[in-house]
Structures are given as C-alpha cells and as structure tokens.
Amino acid sequence: MLEYLNDIDADALLAVNGLHNAFQDTFWWMVSAKWSSLLMIMALLWILLRQNRRHALLVVAMLALAVLVADQVSSGLIKHLVERLRPTQDPSLSNMVHIVNGYRGGMYGFVSSHAANFMAVATLLSLITRERWMLFSLVSWALLQCYSRMYLGVHYPGDILGGIAVGVLAGWLVWRLMRWIQRRWRLPDGYYSRADANIMTNTVALTILILLTAALIQTW
C-alpha cells in the first residue's frame with residue numbers, strides 16, 4: 001500500500017512539474033522566494049497599527065510563535081524522523097524532475113515547512129480576525145506557495161498535505177494559547193472590519209499581478 005501511494009505521489013508531482021516553460025519557471029520561482037510576501041507583511045502591519053497596542057504586540061508575538069512551532073515541527077522534527085528524500089534528491093526520480101535555477105532544496109522533504117509556515121499564519125490570522133475574506137486571501141496565497149514547491153520539484157503533493165496539516169494545527173493551538181493569555185491578563189480583543197480584510201485581499205491580488213508582470217517582462 002505504501003509503495004502504491006508513493007507511486008501516486010510521484011506521478012502527481014511529475015504531472016505538475018512537467019508543465020514547465022520559461023514563464024512559469026520565472027513566476028513560480030518568484031512566488032516561492034522569501035521576499036514575495038513583503039507587501040502582505042506591510043499590509044498586516046498597517047492593519048495592526050490601527051489596533052490597541054497591546055493587542056497588536058500580542059498578535060505579532062503569536063504569529064512569530066506559530067511560525068516557529070510549524071517550522072520546528074516540520075523541519076526540526078518530522079523531516080529527520082521520516083527522512084523522505086525530496087524528488088530532486090531521490091536517485092530514482094531526480095533525472096525526471098525539471099530543475100529551476102539549479103535549486104534542489106535540502107535532502108528531506110516530508111513535511112513541507114513552506115506549507116506548514118504559511119498555513120499556520122493563514123489559520124491564526126483567520127481565527128483572530130474572523131473575516132472570511134481574510135481567510136480566503138491568506139489561504140489562497142498559502143496554496144500558491146504550496147503549488148510553487150511542487151512545480152519547482154522540491155516537494156511531493158504528500159509533503160504539501162502533511163505540511164498543511166501541521167500548519168493548521170500549529171495555528172489553531174497558538175490561537176488557543178492567545179485566547180488563554182487574553183483571558184488570564186484581561187487583554188483586549190482586536191476589532192477587524194471588512195475593510196481590513198479587503199486590504200489584505202487587494203494586497204494578495206496586487207502581489208500576484210506584480211509577479212505575473214515581472215515574469216512576463218523577464219521572459220518576453
């Protein structure tokens with residue numbers, strides 16, 4: 001059964017990775033880059049500046065904790081326990097994987113820390129704001145990140161699904177901790193409006209537009 005699931009995972013990975021062309025290579029490379037979320041970070045800071053200072057500081061601390069938990073569980077624990085080779089590192093598969101800019105990632109890929117980190121942030125912020133458009137925009141961006149990792153050939157779909165599960169759990173647990181802290185020290189809740197959700201939604205859309213334009217220019 002495990003071998004059968006691995007075969008399905010490999011076939012799905014090769015199907016995504018096999019759709020490569022110069023434009024997509026550039027676009028998904030930029031989506032996966034660390035700086036690609038810069039505008040969203042700035043938008044979040046703008047939203048938090050309009051909140052109570054203690055609440056804003058608590059949100060920032062909890063976001064940092066959620067990413068730390070998701071990253072350490074995925075990269076620091078699970079990857080070294082499971083030791084599943086990335087597609088780009090697997091001798092039986094690496095010659096069939098399209099490599100972008102010589103990038104192969106680390107040795108092990110299960111679970112994806114990219115998926116875990118972005119989904120932890122999306123889950124936590126969605127629970128804090130209780131705005132469905134915030135959920136939609138952040139999860140959409142997280143899923144684009146997930147797809148980029150498969151397109152680049154550094155993660156199987158199974159790695160991504162595992163990372164999503166870790167991220168959602170990390171985000172939810174940190175949110176529960178945040179609620180306990182708020183009750184324990186009587187810290188105020190934030191007030192998030194539809195306008196705040198629209199800011200994040202528009203920022204995600206603008207980021208995608210910028211990356212698409214940049215990829216078109218580079219591959220023209």
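Definitions and limits used
- Residues numbered from 1 in each chain as written.
- Predicted model: local features only at pLDDT ≥ 70, side-chain atom pairs only at ≥ 80, totals over all residues.
- Heavy atoms only, no water.
- Phe/Tyr/Trp six-rings, centres within 6.5 Å; stacked < 30°, edge-to-face > 60°.
- Lys NZ or Arg CZ within 6 Å of the ring centre and 35° of its normal.
- 1 Å grid on protein atoms, 1.4 Å probe; cavity = no way out; pocket = protein on both sides within 12 Å on 5 of 7 lines; lining within 4 Å.
- Points joined across faces, edges and corners; volume = space filled by probe spheres on them.
- Helix = DSSP H or I, 4+ residues; strand = E, 2+ residues; numbered from the N terminus.
- Salt bridge = Lys/Arg side-chain N within 4 Å of Asp/Glu carboxyl O.
- Buried < 20%, exposed > 50% of the residue type's maximum accessible area, 1.4 Å probe, protein only.
- Core = buried A, V, L, I, M, F, W, Y, C linked by side-chain atoms within 4.5 Å.
- Contact = heavy atoms within 4.5 Å.

K.L.:
Describe in detail the packing of aromatic side chains, supporting the description with residues and values.
P.N.:
Aromatic ring pairs are described here by two measures, namely the spacing of the ring centres and the angle between the planes. Overall, the coordinates contain 7 aromatic pairs when judged by the stated rule. One aromatic cluster in this structure is built from Phe23, Phe27, Trp28, Tyr147 and Tyr151. Above the face of the tyrosine 156 ring, arginine 84 is positioned so that its terminal group lies 4.1 Å from the ring centre. The ring of tryptophan 185 has arginine 184 lying over it, and the distance from NZ or CZ to the ring centre is 5.1 Å.

K.L.:
Provide a residue-level description of the layout of surface pockets, including the pertinent values.
P.N.:
There is about 670 Å³ of room inside the largest pocket. If you go around the largest pocket, you meet 23 residues; those closest to its centre are Ser37, Ile41, Val67, Phe118 and Val121. Sorting the residues of the lining of the largest pocket by element identifies helix H3 (38-49), helix H4 (53-82), helix H5 (113-129) and helix H6 (132-151) as the ones contributing at least two each. Sorting elements by how many residues they give to the lining of the largest pocket places H5 first, with 6 residues.

K.L.:
Can you lay out the environment of alanine 33 for me, pointing to particular residues and giving the numbers?
P.N.:
With respect to the element layout, alanine 33 can be found in the loop between helix H2 (22-32) and H3. Sequence-wise, alanine 33 and threonine 123 are 90 residues apart; in three dimensions their C-alpha atoms are separated by 21 Å.

K.L.:
Go over the pattern of salt bridges, please, and point to the residues and values.
P.N.:
For the coordinates displayed, the defined rule picks out 4 salt bridges. Residue arginine 84 pairs with aspartate 9 through a salt bridge whose shortest N-O separation is 2.9 Å. Residue arginine 84 is located in the loop between H4 and H5, and its partner aspartate 9 is located in helix H1 (residues 2-17); the two are separated by 75 residues in the primary sequence. One exposure class covers both arginine 84 and aspartate 9, and it is buried. A salt bridge links aspartate 196 to arginine 50, with the nearest nitrogen and oxygen atoms 3.2 Å apart. In this pair, aspartate 196 sits in helix H8 (residues 194-219) while arginine 50 sits in the loop between H3 and H4, placing the two residues 146 residues apart along the sequence. Note on arginine 50: relative accessible area 47%, which makes it partly exposed. Linked by salt bridges that have partners in common, Asp9, Arg84 and Asp159 make up one network.

K.L.:
Account for the nonpolar core, naming residues and giving values.
P.N.:
Within the largest apolar cluster, 57 residues are counted, with the highest numbers of intra-cluster contacts made by Val59, Met62, Leu124, Ile128 and Met200. If you list the elements that add at least two residues to this core, you get H1, H2, H3, H4, H5, H6, helix H7 (157-184) and H8. In terms of residue count, H5 provides more of this core than any other element does, 9 residues in total. If sequence neighbours within four positions are ignored, valine 59 has contacts with Leu48, Leu125, Ile128, Met178 and Tyr192.

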